[in-house]
Amino acid sequence: MSASPRLLLALASVAVAFAAADTYVVVLVLPEMSTSVGVSPEELQRAAPIVSGFLLGYIAMLPLIGRIADLRGRVPVLVAALVLFAVGSLVTTLSYDMTSMVGGRFLQGVGGGGLVPATLALVADLYPADRRGVPLGVVSAVQEIGSVLGPLFGAVVMALADDWRVIFAVNLVVGVVLALAVRALARTVPADGDPPDPGRGRMAGLDWPGILLLLVLTAAGALVFLQPAQLMRDLTWGQLFIPVVAQGRWLTPVGLVALGAAALLLLRWLTAARPLVDVRGWARSAREADLVGALFLAAALGGVILAFATADPEVEVFSDQGGWYLLGAALATAAFVIHVRRSESPIVPRGALRRTPAWGGVLVSFFVGACLIAALIDIPLFARSTVHRDSQLLAALVLVRFLVALPIGAVVGGYLTRRYSAGLITAGGMVLAAVGFGWMSTWEADALEHLSSNLPLVLTGLGFGLALAPVNAAVLATTEHVVHGVASALVVVARMVGMLVGISVLTTIGLRAYYAEQDDLPSVREVCDGKSRCPAFSDLLRDAGVAQEQTVFLGAALCAVVAAGLALVLFRGAETRALSTGDLLRAAG
C-alpha cells in the first residue's frame, strides 16, 4: 500500500481522537460554561444537558451515519462529519444561552460520532481481513486515548488562556483543517466503496451564489451570537439589534437577515445543479439508509442515554425521570423491531449480524465499556481523594501510566489477531484488566505513593489495549463489506452505552460501601474531642472513600471477567488470522 492511503487513515484517526476528547473536555470547565449562560455553580445539575446533549448526538445518530457510510462512501461521511463537528464547535464557542450551547454540543456529538464507524469501515476497505488488526488497534487506541486526554487538554488550555471558549475555537480550527486535508487527499486516493469525484481539480463548477449566501449567513449569525457592544451602543448600527416584533435575538433585523440567508441557502442547495452542499443527495442517502428506522433506534438509544446521563450517581442509578425515559426507550425499541420486520431495506439489513461473532462483538463491547469507565473515572477520583487532594490535574495525570500501556496493548493485540483467534486475545486482555482491577481493589490510601501501584495501572491499560482491536476485527471479519459501517457503529454504540450504564451502576454500588463504612464511624465529636471537624475525622472519611473506590474496582474486575468469558464463547468462527501454507493446502484439498 502506498503512503497516501496510510496518510488518509492517519488523518481520520487524528479526527477520531479529537472527537473522543470532546466527550470529556467539559469535565474541568463545566462550571465556567454553565456560568456563562446563566447557570450558577450551585445549580450545576441544570448544566447536565451540556454533557448529555453531546452524548445524545454522538451515540443516537451513529447507526444512521454508519449506514450512510455504507451507501455513500467512507470519505464523504468523514468530511461531512468533520464539517458538522466544526460547525458545532463554532456554535458552542459563540453560545449565549443554554439552548445554543446544547445545540452546539449536539452538533459536535453528531459529527464526532460519525467519524468512528466511517474510519473503522475505511480500515476494512484498505486492508484484507488478516491484515486489519494493527490499523484497527491504532484507531481503537486513539479513540480511547482521546477520551482520557480530553480533560487534560481542557486543563492545559485553561492554564494558558483562562477562557473555556478557546477550547472549542481550537476544535473549530482542527475540524476545518482536517476536513480540507481529508478532502484533498481523497481526490488522489479514492477508498473502496467511495464514488469517484467528477469535480476533481476544477474550480469553475463552484457554487458561487451558494458561497455568497453562506458568507452572509455566517456574518449575520456571528453578529446575532456576539452582539458587539460597540455596534449596539451606536445610535445607527444599534437599530439592527432591536427586535422588530416580540423579543429574541433572531427577531432583530440582523437576525432576520441571518434567517433569510439560511432559507435562501437551503433553497439553493435543493435546486442548484451543482450545489456547494448536495442536500438532495444526502437526503436520498438518508432515505436509502432507512431514516424512519434510524429515528426509532435513535429514540431508543436517546431514552437510555438520558436516563443514565442525567442521573446523579451519588444518589441514584438513573434520574428521577429515568423511568419515563426507559419506558420511552422500550416503546421505541418495540417500534424499531416491528419496523425492521416490515421494511424492505432496514437500517440494519436482515442477516447483517446473523453470525455469532458479529452480534457477540456488540455484546462484548458493552461489557468492555462498562469496566473501562471505571479506569477513566475512578482512578483519578481515587488519586484526588488520597494523595492529590489539592490538584485535579495531578490526579488526572495518574492515568498517564494507564495511557502509555493502552496504545502499546492495542497495537500488540492487533498484530496478534494475525496469529491467534480474536476470542483468545480479547479474553486474555480482559483477564489482564481484571487482574489489574482486582489489585486496585486492595489499594489503601497511600497506595499511589508506592512504585508498586504502577503495575496494576499498566496491566489494566495493556489488557484493554489488547481487547480493543480483536473485538472490531471479529465483527468486521464476520459481516459483509456493504454493512461494515453500520456494524462498526453498533459496536461503538454498545461500548458507549456500557460506559453510561457502568458508571451509574458501579458508582451506586460503591456508594453503598461508602455509606456502610460511614455508618460504622464514631461521631465527629467523639473523634475530635467535641470539635466539629479535625484531621483525624477527615482521615476516617477518606478511608470510607477508599472503600467506595475499592468496591468500584472490584465490580469492574467482575465486568472484565464476564467480557472475557463471552469473547471466548462468542468469537468462535471469527477468522482474523492469516492463513499459513498448510492451511491453504488443506483448504485446496
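Please read these numbers as outputs of a predicted model, since none were measured by experiment. (Residues numbered from 1 in each chain as written. Predicted model: local features only at pLDDT ≥ 70, side-chain atom pairs only at ≥ 80, totals over all residues. Heavy atoms only, no water.)

**What to know about the overall build of the protein**
Here's step 1: Across its full length, the protein carries 23 helices and 0 strands.
Here's step 2: Sorting the 589 residues of the protein into buried and exposed places 51% on the buried side.
Here's step 3: Total accessible area on the protein stands at roughly 25700 Å², and carbon and sulfur atoms take up 66% of it. (Helix = DSSP H or I, 4+ residues; strand = E, 2+ residues; numbered from the N terminus. Buried < 20%, exposed > 50% of the residue type's maximum accessible area, 1.4 Å probe, protein only. Areas by Shrake-Rupley, 256 points an atom, 1.4 Å probe, with all protein chains shown as cover.)

**Thoughts on helix α12 (residues 279–288)**
Here's step 1: If you check which residues of α12 are buried, you get Val-279, Gly-281, Ser-285 and Ala-286. Projection of α12 onto a plane perpendicular to its axis shows the buried side chains occupying an angular sector of 165°, all on one side.
Here's step 2: Those residues of α12 hidden inside the fold are in contact with α4 (62–72), α11 (253–271) and α13 (291–309).
Here's step 3: With its phi angle positive at about 75°, Asp-290 sits one or two positions after the end of α12. (Arc of directions from axis to C-beta. Contact = heavy atoms within 4.5 Å.)

**With respect to a positive patch on the surface**
Here's step 1: A contiguous patch of positive charge, built from Arg-6, Arg-131, Arg-418 and Arg-419, is present on the exposed surface.
Here's step 2: Structurally, Arg-6 is set in helix α1 (residues 3–24).
Here's step 3: We classify Arg-6 as partly exposed; its relative accessible area is 41%. (Patch = residues over 30% accessible without salt bridge, like charges linked within 9 Å, V, L, I, M, F, W, Y side chains within 5 Å. Salt bridge = Lys/Arg side-chain N within 4 Å of Asp/Glu carboxyl O. Lys, Arg positive; Asp, Glu negative; His and termini not counted. Charge placed at Lys NZ, Arg CZ, Asp CG, Glu CD.)

**Let's talk about the packing of helix α5 (residues 74–94) against helix α8 (residues 164–186)**
Here's step 1: Two elements in contact, α5 and α8, have axes separated by 8 Å at closest approach and are oriented at 160°. Classified by the angle between their axes, α5 and α8 sit roughly antiparallel to one another. At the point where α5 passes α8, the crossing takes the left-handed sense. (Axes fitted to C-alpha atoms, helices over the stretch in contact; angles between N-to-C directions. Parallel < 35°, antiparallel > 145°, perpendicular 65-115°, else oblique. Left-handed = near helix turned anticlockwise from the far one by under 90°.)

**Description of the packing of aromatic side chains**
Here's step 1: Overall, the coordinates contain 11 aromatic pairs when judged by the stated rule.
Here's step 2: Ring centres 5.9 Å apart and planes at 80° place the aromatic pair Phe-225 and Trp-250 in the edge-to-face group. Taken as a pair, Phe-225 in helix α9 (residues 208–226) and Trp-250 in the loop between α10 (229–233) and α11 lie far apart in primary sequence, 25 residues in all.
Here's step 3: Phe-225 gets classed as buried once you look at its relative accessible area, which sits at 15%.
Here's step 4: Judged by its relative accessible area of 29%, Trp-250 is partly exposed.
Here's step 5: Ring geometry for Phe-366 and Phe-367: centres 5.4 Å apart, planes at 85°, overall edge-to-face.
Here's step 6: On the basis of relative accessible area, Phe-366 is assigned to the partly exposed category, the value being 23%.
Here's step 7: Between the NZ or CZ atom of Arg-72 and the centre of the ring of Trp-282, over which it lies, the distance is 4.2 Å. (Phe/Tyr/Trp six-rings, centres within 6.5 Å; stacked < 30°, edge-to-face > 60°. Lys NZ or Arg CZ within 6 Å of the ring centre and 35° of its normal.)

**Here's the deal with the pattern of salt bridges**
Here's step 1: Scanning all chains against the criterion turns up 6 salt bridges.
Here's step 2: One salt bridge connects Asp-278 with Arg-72, and the closest N-O pair in it is separated by 3.3 Å. With Asp-278 in the loop between α11 and α12 and Arg-72 in helix α4, this pair connects stretches of sequence that are 206 residues apart.
Here's step 3: Overall, Arg-72 belongs to the buried group, its relative accessible area being 17%.
Here's step 4: Between Arg-268 and Asp-207 there is a salt bridge; the shortest N-O distance is 2.9 Å. One end of the pair, Arg-268, is in helix α11; the other, Asp-207, is in the loop between α8 and α9, and 61 residues separate them in sequence.

**What to know about the side chain of Asp-378**
Here's step 1: In this fold, Asp-378 is placed in helix α15 (residues 356–385).
Here's step 2: For Asp-378, the contacting residues outside a window of four places in its chain are Ile-373, Ile-503, Glu-549, Val-552 and Phe-553.

**Observations concerning the side chain of Arg-132**
Here's step 1: Tracing the sequence through the fold places Arg-132 in the loop between α6 (98–126) and α7 (133–161).
Here's step 2: Although Arg-132 is buried, it forms no salt bridge, and the closest oppositely charged side chain is Asp-125 at an N-O distance of 7.0 Å.
Here's step 3: Once residues within four sequence positions are removed from consideration, Arg-132 is found in contact with Val-123, Ala-124, Tyr-127, Leu-476, Ala-477 and His-484.

**Quick notes on unusual backbone geometry**
Here's step 1: In this structure, Gln-227 is a non-glycine residue whose phi angle is positive, near 45°.
Here's step 2: Its location among the elements puts Gln-227 in the loop between α9 and α10.
Here's step 3: Phi is positive for Asp-290, close to 75°, though the residue is something other than glycine.
Here's step 4: Within the element layout of this structure, Asp-290 appears in the loop between α12 and α13.

**Focus: the nonpolar core**
Here's step 1: Ile-59, Met-430, Phe-437 and Phe-464 are the most contacted members of the largest nonpolar core, which totals 123 residues.
Here's step 2: No other element matches helix α20 (residues 484–519), which puts 13 residues into this core.
Here's step 3: Apart from residues lying up to four places away in sequence, Phe-437 is in contact with Cys-371, Ala-374, Ala-375, Thr-460, Phe-464, Phe-553, Ala-556 and Ala-557.
Here's step 4: Judged by nonpolar contacts, the second largest core, of 16 residues, contains Val-25, Val-37, Val-157 and Trp-164. (Core = buried A, V, L, I, M, F, W, Y, C linked by side-chain atoms within 4.5 Å.)

**A look at a nonpolar patch on the surface**
Here's step 1: A cluster of nonpolar side chains, Leu-394, Leu-397, Val-400, Val-404, Ile-408 and Val-412, forms an exposed patch at the surface whose accessible area comes to about 460 Å².
Here's step 2: Elements with a minimum of two residues in the nonpolar patch: α16 (392–397) and α17 (400–416).
Here's step 3: Inspection of the secondary structure assignment puts Val-400 in helix α17.
Here's step 4: For Val-400, a relative accessible area of 35% puts it in the partly exposed group.

**Examining empty space enclosed by the protein**
Here's step 1: Counting across every chain of the model gives 3 cavities of 30 Å³ or more.
Here's step 2: Considered as a void within the structure, the largest cavity measures approximately 60 Å³ in volume.
Here's step 3: If you go around the largest cavity, the residues you meet are Ala-20, Thr-23, Tyr-24, Tyr-58, Gln-143, Glu-144, Ser-147, Arg-495, Met-496 and Met-499.
Here's step 4: Residue assignment for the lining of the largest cavity shows that the elements contributing at least two residues are α1, α7 and α20. (1 Å grid on protein atoms, 1.4 Å probe; cavity = no way out; pocket = protein on both sides within 12 Å on 5 of 7 lines; lining within 4 Å. Points joined across faces, edges and corners; volume = space filled by probe spheres on them.)

**Observations concerning the environment of Arg-183**
Here's step 1: Mapped onto the fold, Arg-183 is located in helix α8.
Here's step 2: Along the backbone, Arg-183 and Leu-78 are 105 residues apart, and their C-alpha atoms lie at a distance of 8.8 Å.

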